[in-house]
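Each chain is listed here by its residues.
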Amino acid sequence: MNPTQTAEWNALKDHFEETKALHLREFFALDPERVEKMTLEGAGWHLDLSKNRMTPETLELLGNLARVCRVPEAIRGMFAGEKINVTENRAVLHTALRNLSGGPVVLDGQDVMPGVKRVLGQMADFAGQVYSGKFQGYTGKRIKTVINIGIGGSDLGPQMVYEGLKFYARPELTVRFVSNIDANHLAEALKGLDAAETLFIIASKTFTTQETMTNAQSAKEWVLGQLGGDPKAVAHHFVALSTNLEAVAQFGIAPENVFEFWDWVGGRYSLTSAIGLPLVLGLGPDRFLELLGGFEAMDRHFLETPIEKNLPIQMALVGLWYNNFFEAQSVAILPYNQYLLRFPAYLQQGDMESNGKGVDKDGLPVDYQTGPIVWGEPGTGGQHAFYQLIHQGTKLIPCDFIGFVQSLNPKGDHQEKLLSNFLAQQKALAFGKGLEELQKEGCPVELIPYKLFEGNRPSTALVAPQLTPKSLGALIALYEHKIFTQGVLWNVYSFDQWGVELGKQLAKAVLSDLKQKTVSPDHDPSTAALLRYCHQHKG
Ligand code: G6Q
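Residues numbered from 1 in each chain as written. Predicted model: local features only at pLDDT ≥ 70, side-chain atom pairs only at ≥ 80, totals over all residues. Heavy atoms only, no water.

**Some points on the overall build of the protein chain**
1) Next: Within the protein chain, the secondary structure is distributed over 22 helices and 13 strands.
2) Next: For the protein chain, the C-alpha radius of gyration of 25 Å lies close to 24 Å, the compact-globule estimate for 539 residues.
3) Next: Over its C-alpha atoms, taken along the principal directions, the protein chain stretches across nearly 75 × 60 × 60 Å.
4) Next: Across the 539 residues in the protein chain, those meeting the buried criterion constitute 52%.
5) Next: One finds the centroid of the 49 positive side-chain charges in the protein chain at a distance of 5 Å from the centroid of its 59 negative side-chain charges. (Helix = DSSP H or I, 4+ residues; strand = E, 2+ residues; numbered from the N terminus. Rg over C-alpha atoms; globule rule 2.2 N^0.38 Å. Buried < 20%, exposed > 50% of the residue type's maximum accessible area, 1.4 Å probe, protein only. Lys, Arg positive; Asp, Glu negative; His and termini not counted. Charge placed at Lys NZ, Arg CZ, Asp CG, Glu CD.)

So, in structure tokens, the structure goes:
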């Protein structure tokens, strides 16, 4: 159903016209209970929506849209294993991966939970063997470094969480990540390593992805080159995370070192599946279970909480308000925690690959905006870089500020200073700095236009007491479900990604020209000219 054709959308349009000119200062002045009404709690997170350009009534009207778009029914359908990934004819059951205290999840007449628990147990056992030295390298040495080779969904999630929870990492192992087909990535990751002490995880759902297979092959050559060339060494230095068991066996990986997952786990939603093995190894099985506990808490909150109090739904609705009514193009993700360095990049895939769609569920081009551009960097670095544009530029950029009250590394007054910036930026964006204040400060008249802050720049605050495996798990699930909800509202299929296919196909044709130093006649003039440039400078 086209959401813009509903009476609920029309009501929102009218309401937008009535409220769009109001300043956040006015919103706050009009309703003394605004903060209380627009603050929610769930799965260990505190969500303050009050610095958004809307009223509690806006949220009610948006809630009506969620109801008419059948968001609660869609949530239940996903959790129940309906084949909602229609263009790939698959269920979407990443929530089963962390349903550890829940009941059976039945798909095609079979409970998937025993398989989920079996693989979790297998990962924990394997980690134990690596730590104890029972699993050892070909020459009998202990494994000290793990290199995860994977890309997209088989890289971004585990990489982000490993960085995010590095504080909790086990001392006996370090984990590195290689994704790019650019050999520089693998070369730098291998620097200084002894193959006898290195374990490669080949993480690929399909086990056919060009980047991953090419890197895996080169890693195999590196291992065999260092360890004397015996093909038996492969089984001691490679494990696989995949749904394609046949291709894994062909690569030479021992069947007991394959960690299975299933086609109902989408790549960008796979970090709680076997794709989490680098986390099980690097952080330890207990920490991984805590992470899953955080996911599970947010999953339950999402499934069981009414629209008005449901964090992912409310965040999705706020996002839709800016995207479709204010016509904001992007969303900034601003974690005030250095460990969450990779969180914006992770969300870029989660959001932009899921909802970057221009065709609706009936195969028709949409006549409204869908997924936003997602970007961001940790605070406070961003403040000294791009915040200028958010404060005084011409674009409206709704910001998500993500912060933690306590520091994992308490030192002097670092944390108070970090938090003061976290709070002050939101305040400055919302309320700005007016003429009167500048005049009081004695600002020279000619500088007043440059030093004015009009404010009225929206932000959302997400706060938790501490960055832990549990709070991070809940945070990731919160965004997963926000993305899901927006996909339902925009009536697009969020779990396919056909838009990445064309480039892959064309790369094959270009590759053969590059290898043979030819220029096929069917290339466009620009590609042909660039190919000739490459041929000339190949060296
Ligand atoms: C994610 C996408 C994509 C995928 C990679 C890697 O949702 O499907 O990013 O994860 O293309 O795929 P493989 O795991 O099959 O190598």
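The rest of the description comes next.
**Considering the UniProt feature "active site" (unreviewed entry) in the protein chain**
1) Next: Under the feature "active site" (unreviewed entry), the UniProt entry names Glu-353, His-384 and Lys-504. In three dimensions, the annotated residues from a span of 152 residues occupy distinct locations, with a maximal C-alpha spread of 37.5 Å.
2) Next: If you trace the backbone, Glu-353 turns up in helix α15 (residues 343-355).
3) Next: Here Glu-353 is in contact with Arg-268, Gln-348, Asp-496, Gln-497 and Val-500, once residues within four sequence places are set aside. (UniProt positions renumbered as here; feature names shortened; annotations may be inferred. Contact = heavy atoms within 4.5 Å.)

**Thoughts on the pairing of strand β12 (residues 399-404)**
1) Next: Burial of β12 is extensive: 6 of the 6 residues sit out of reach of the surface.
2) Next: In β12, alternate side chains face the same way, and those of Cys-399, Phe-401 and Gly-403 on one face and Asp-400, Ile-402 and Phe-404 on the other are all buried.
3) Next: Looking at chain direction, strand β10 (residues 330-335) and β12 are connected through 4 bridges and run parallel. By the bridge assignment, Leu-334 is partnered in β12 with Phe-401. (Pairing = 2+ DSSP bridges.)

**Regarding the packing of aromatic side chains**
1) Next: Scanning the entire structure with this criterion turns up 29 aromatic pairs.
2) Next: Each ring, one from Phe-126 and one from Phe-135, has its centre 4.9 Å from the other, and the planes form 70°; the classification is edge-to-face. Comparing Phe-126 with Phe-135 shows no difference in burial state: the two are buried.
3) Next: Taken together, the aromatic side chains of Trp-9, Phe-16, Trp-321, Tyr-322, Phe-325 and Phe-326 make up a single cluster linked through ring pairs.
4) Next: Against the face of Phe-28 rests Arg-34, its NZ or CZ located 5.0 Å from the ring centre.
5) Next: Over the ring of Phe-251 we find Lys-220, and its NZ or CZ is 4.2 Å from the ring centre. (Phe/Tyr/Trp six-rings, centres within 6.5 Å; stacked < 30°, edge-to-face > 60°. Lys NZ or Arg CZ within 6 Å of the ring centre and 35° of its normal.)

**Focus on the environment of Gln-250**
1) Next: Positionally, Gln-250 belongs in helix α11 (residues 245-251).
2) Next: Judged by its relative accessible area of 67%, Gln-250 falls in the exposed class.
3) Next: Measuring from C-alpha to C-alpha, the distance between Gln-250 and Thr-4 comes to 51 Å, with 246 residues separating the pair along the chain.

**A closer look at the site of the ligand**
1) Next: As a structural note, the neighbourhood of the ligand is formed by 13 residues, with Ser-154, Ser-204, Lys-205, Thr-206 and Thr-209 the closest of them.
2) Next: Note that an oxygen atom of the ligand is positioned 2.7 Å from one of the side-chain N or O atoms of Arg-268.
3) Next: Between an oxygen atom of the ligand and a side-chain N or O atom of Glu-353, the distance comes to 3.4 Å.
4) Next: When the ligand sits alone it has 410 Å² of accessible area, and the protein chains cover 86% of it. (Near = heavy atom within 4 Å. Polar contact = N/O pair within 3.5 Å; in protein donor to acceptor, adjacent residues only side chain to side chain. Areas by Shrake-Rupley, 256 points an atom, 1.4 Å probe, with all protein chains shown as cover.)

**Focus on the sheet that holds strand β5 (residues 145-149)**
Picture the strands of a sheet paired through backbone hydrogen bonds; they go either parallel or antiparallel.
1) Next: Across the sheet, 5 strands lie side by side as β6-β5-β7-β8-β9; this open sheet has parallel pairing. The strands lining the two open edges of the sheet, one partner per strand, are β6 (174-178) and β9 (258-260). Across the sheet, the axes of successive neighbouring strands diverge by a mean angle of 20°, strand direction being ignored.
2) Next: Here β5 runs beside β6; their pairing, made up of 5 bridges, is parallel. Counted as the bridge partner of Ile-149 is Val-178 from β6.
3) Next: On top of the sheet, helix α9 (residues 210-226) reaches β5, β6, β7 (198-203) and β8 (238-242); it is set at about 160° to β7, its chief contact. (Axes fitted to C-alpha atoms, helices over the stretch in contact; angles between N-to-C directions.)

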